[in-house]
Amino acid sequence: MFHARALLRGILGSVLAGLLVASALPASAEARKLQFWHVMTGANAEALEEIVNRFNQANEDCAVELVYQGHYRDLFAKLEGAAKAGSLPHLAMIYNNRLISYVKNGFVDPMEPMLFDAGNGFSEEAWADIPAFLRDGSVWDDKHYALPFNKEGFLLFYNKKMLADKGITPPTTWDELRAAAEALTGKVGDKDVVGLALNNSVAIDGSFWVEQAGGHIYDEAADRITFNEEPGVKAYEFLVSMIRKGHANIVREEKYMFGPFGRGEAAMGITYMSQLPNIIELCAANGVEFGSVELPKGVRKACMFTGTNVAIFNTVPEIERRDAFRFLRFFLTPEIQSLWGTRSGCLPLSWKVLNSREFHEFAEKENPAKLAILPSFEYGFSDPKILNGYAIHDNM
């Protein structure tokens, strides 16, 4: 039943995405209008619209207008054009490796004057409620230039029957992962099954392997690439050894692991949580019962969290920048994060919500992957926030 509801929400949300501006218009024609450029569709768009409507109803002097901009590439291209034309929006979703360009070119100011403002800023308790590694993800020179928005982490997905038939429990370490991948590779009925399926973007997503090996892909303090040091080499050799032996496979043509995993052609797979709807759909169609657990550890635990932050551009009047910040402050309250974490595919950005009985009960019943990712918040990290950061992954 949950799968059908989720699929219906996704279809309706995609159809309605282009109508979000009209549906979120403020009641007062005199309210200051704040444009928020985004790429949310489906259930994510519906949840965001609900949040915006709540904010607009609670604030008579300003109102957020959602402007759907298509795919991420479309959004970023339009932001570049708007910067050149001097017509940037008030708010926009953006990755750090793109945000740094707007910071360096003077389009985004530090949020510090507003962060702890006595009237609309964060209290010490409210600030501490946001997981620090996400909250401080857009910091340069000890100044915050954006706040977290849509976040997700990586998980190990596994075929329950295949593991049970071999007497294997979900692996918790690299050694266990290597052994399980080997044991699970082979014929299952008439299918050739590989133990572990990896996304085609395994190098782009590969920061967590280096972190788990005890290293980093980049030293931001020293402005130095470090993925080719000993921990990075160990991570590379670990992955390559499984691939060369045929116990792991990079999904080249389909690009994502959910294809072979959902068809029962891979016993395990590693991917980020936004792939969950595809996993659910394919597994249901092929009678595959799956589970999910936190990533196996190397010398330490590490999980990369991905997703955008939201920046406020300084090309709009100061009073409207303060209005935009007021919206972000509203978005990051526990009440709204509870809605965001249960109604969208994204994770809540509040320790109060993450640790609440209500969220645990929701996740256990409706979305077990959101329960599986919870331990990863204790050791999560974000990719280096440097200009053209993806070039590092290309070199990896």
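Residues numbered from 1 in each chain as written. Predicted model: local features only at pLDDT ≥ 70, side-chain atom pairs only at ≥ 80, totals over all residues. Heavy atoms only, no water.

1. Here's the deal with the overall build of the chain
Here is the rule: Numbering of helices and strands runs from the N terminus; a helix is a DSSP stretch of H or I covering at least four residues, while a strand is a stretch of E covering at least two. Whether a residue is buried, partly exposed or exposed follows from its accessible area with a 1.4 Å probe, protein chains only, as a fraction of its type maximum: under 20%, in between, or over 50%, in that order. Computed by Shrake-Rupley with a 1.4 Å probe, the accessible areas treat only the displayed protein chains as cover when residues are assessed.
When helices and strands are tallied, the chain shows 20 helices and 17 strands. Within the chain, the proportion of its 396 residues that are buried is 54%. Of the roughly 17,900 Å² that the chain leaves accessible, carbon and sulfur atoms contribute 51%.

2. Section: the environment of Ala324
Positionally, Ala324 belongs in helix 15 (residues 318-331). For Ala324, a relative accessible area of 0% gives the class buried. Along the sequence, Ala324 and Gln35 sit 289 residues apart, while their C-alpha atoms lie 8.9 Å from each other.

3. Considering the pattern of salt bridges
Worth spelling out the cut-off: Salt bridge, as applied in this entry: a Lys or Arg side-chain nitrogen positioned within 4 Å of an Asp or Glu carboxyl oxygen.
Applying the stated rule across the entire model yields 22 salt bridges. Note that Lys160 and Glu289 form a salt bridge whose closest N and O atoms lie 3.7 Å from each other. One end of the pair, Lys160, is in helix 9 (residues 160-165); the other, Glu289, is in the loop between helix 14 (276-285) and strand 14 (290-293), with 129 residues separating them in the sequence. For Asp165, the salt bridge goes to Lys161, with nearest N and O atoms at 2.7 Å. In this pair, Asp165 and Lys161 both sit in helix 9, 4 residues apart, roughly one turn of the helix. For Lys161, a relative accessible area of 55% translates into the label exposed.

4. Focus: the side chain of His38
Just so we agree on the cut-off: Two N or O atoms form a polar contact when they lie within 3.5 Å of each other; inside protein one atom must be a possible hydrogen donor and the other a possible acceptor, and for residues adjacent in sequence the pair counts only when both atoms belong to side chains.
Mapped onto the elements of the fold, His38 is located in strand 1 (residues 32-38). Relative accessible area serves as the criterion here: at 0%, His38 is assigned to the buried category. A polar side-chain atom of His38 sits 2.9 Å from the main-chain amide nitrogen of Met40.

5. Some words on the side chain of Ser292
The condition is simple: We call two residues in contact when some of their heavy atoms are within 4.5 Å.
By secondary structure assignment, the location of Ser292 is in strand 14. In this structure, Ser292 is in contact with Leu155, Leu156, Phe157, Tyr158, Pro368, Ala369 and Ala372, ignoring residues within four places of it in sequence.

6. Here's the deal with the nonpolar core
Grouped burial of nonpolar side chains is what soluble globular proteins tend to show. Spelled out, the test is: Only buried Ala, Val, Leu, Ile, Met, Phe, Trp, Tyr and Cys residues count toward a nonpolar core, and they belong to the same one when joined by side-chain atoms within 4.5 Å.
Counting residues in each nonpolar core, the largest one holds 124 residues, and the members touching the most others are Phe36, Leu79, Leu196, Trp209 and Met268. Looking at this core, the element that brings in the most residues is helix 3 (residues 42-58), giving 6 residues. Not counting residues up to four positions away in its chain, the partners in contact with Phe36 are Leu48, Val64, Glu65, Leu66, Val67, Leu91, Ala92, Met93, Phe149, Val310 and Phe327.

7. Brief notes about the pairing of strand 13 (residues 266-272)
Basically, it comes down to this: A strand pair is defined by DSSP finding two or more bridges across the two strands.
Counting buried residues along strand 13, 7 of its 7 residues qualify, which places the element largely inside the surrounding structure. Two elements, strand 7 (residues 152-159) and strand 13, share 5 bridges in a ladder whose sense is antiparallel. Residue pairing across strands places Phe154 opposite Tyr272, the latter belonging to strand 13. Here strand 9 (residues 191-198) runs beside strand 13; their pairing, made up of 4 bridges, is parallel.

8. Overview of the packing of aromatic side chains
Worth spelling out the cut-off: Between the rings of Phe, Tyr and Trp (Trp by its six-membered ring), a pair exists once the centres lie within 6.5 Å; its type follows the angle of the planes, with under 30 degrees stacked, over 60 edge-to-face, and the other angles tilted.
Scanning the model with the defined rule gives 31 aromatic pairs in all. Judged by centre distance (5.7 Å) and plane angle (70°), the ring pair of Phe36 and Phe149 falls under edge-to-face. With a gap of 113 residues between them, Phe36 in strand 1 and Phe149 in the loop between strand 6 (147-148) and strand 7 connect regions that are remote in the sequence. On the numbers, 5.4 Å between centres and 70° between planes, the contact of Phe331 with Trp340 is edge-to-face. A single burial state applies to Phe331 and to Trp340, both of which are buried. Following the ring pairs from residue to residue traces out a cluster consisting of Phe154, Trp174, Phe208, Trp209, Phe238, Tyr256, Phe258 and Tyr272.

9. Details of the pairing of strand 15 (residues 303-306)
In this structure, strand 7 lies alongside strand 15, joined through 2 bridges in antiparallel fashion. Counterpart to Gly153 in the pairing with strand 15 is Phe305. Two strands pair when backbone bridges link them, and strand 15 and strand 17 (residues 380-381) are joined in this way by 2 bridges, in the parallel orientation. Residue pairing across strands places Cys303 opposite Gly380, the latter belonging to strand 17.

10. Thoughts on the sheet that holds strand 3 (residues 91-94)
Using the following cut-off: A fitted line through C-alpha atoms serves as each axis, taken over the contacting stretch for helices, and the angle formed by two N-to-C directions is quoted from 0 to 180°.
Pairing is mixed across the open sheet formed by 5 strands, whose spatial order is 2-1-3-16-6. The open sheet has two edge strands, strand 2 (62-68) and strand 6, and neither has a second partner. Pairing analysis gives 2 bridges linking strand 6 to strand 16 (residues 309-312), with the strands arranged antiparallel. Bridge pairing links Pro148 to Asn309 in strand 16. On the sheet, helix 3 packs against strand 1 and strand 2 and is oriented at approximately 160° with respect to strand 2. The sheet contacts of helix 5 (residues 96-104) involve strand 3 and strand 16, and relative to strand 3 the element is tilted by about 135°.

11. Structural notes on the confidence of the model for the chain
For clarity, the threshold we go by: pLDDT is a per-residue confidence score from the predictor, ranging from 0 to 100.
This prediction gives the chain a mean pLDDT of 90; 90% of its residues lie at or above 70. Note on residues 1-27: pLDDT under 50 across the span, and 34 contacts to partners over four residues away in sequence or across chains.

12. With respect to helix 3
Just so we agree on the cut-off: One less than the number of residues in a helix, times 1.5 Å, gives the span that helix is expected to have.
A rise of 1.5 Å per residue sets the reference length of helix 3, with its 17 residues, at 24 Å; its end C-alpha atoms lie 25 Å apart and thus fit the reference within 8%. Burial of helix 3 is extensive: 12 of the 17 residues sit out of reach of the surface.

13. Quick word on the packing of helix 10 (residues 174-184) against helix 12 (residues 230-244)
What counts here: Roughly parallel means an angle under 35 degrees; roughly antiparallel means over 145; roughly perpendicular covers 65 to 115; every other angle is labelled oblique. Each crossing gets its hand from how the near helix is turned against the far one by less than a right angle, where anticlockwise is left-handed and clockwise is right-handed.
Two elements in contact, helix 10 and helix 12, have axes separated by 10 Å at closest approach and are oriented at 15°. As the angle between them shows, helix 10 and helix 12 are arranged roughly parallel. Note on packing geometry: the crossing formed by helix 10 with helix 12 is right-handed. Contacts between helix 10 and helix 12 involve Trp174, Leu177, Arg178 and Ala181 from the former and Lys234, Ala235, Phe238 and Met242 from the latter.

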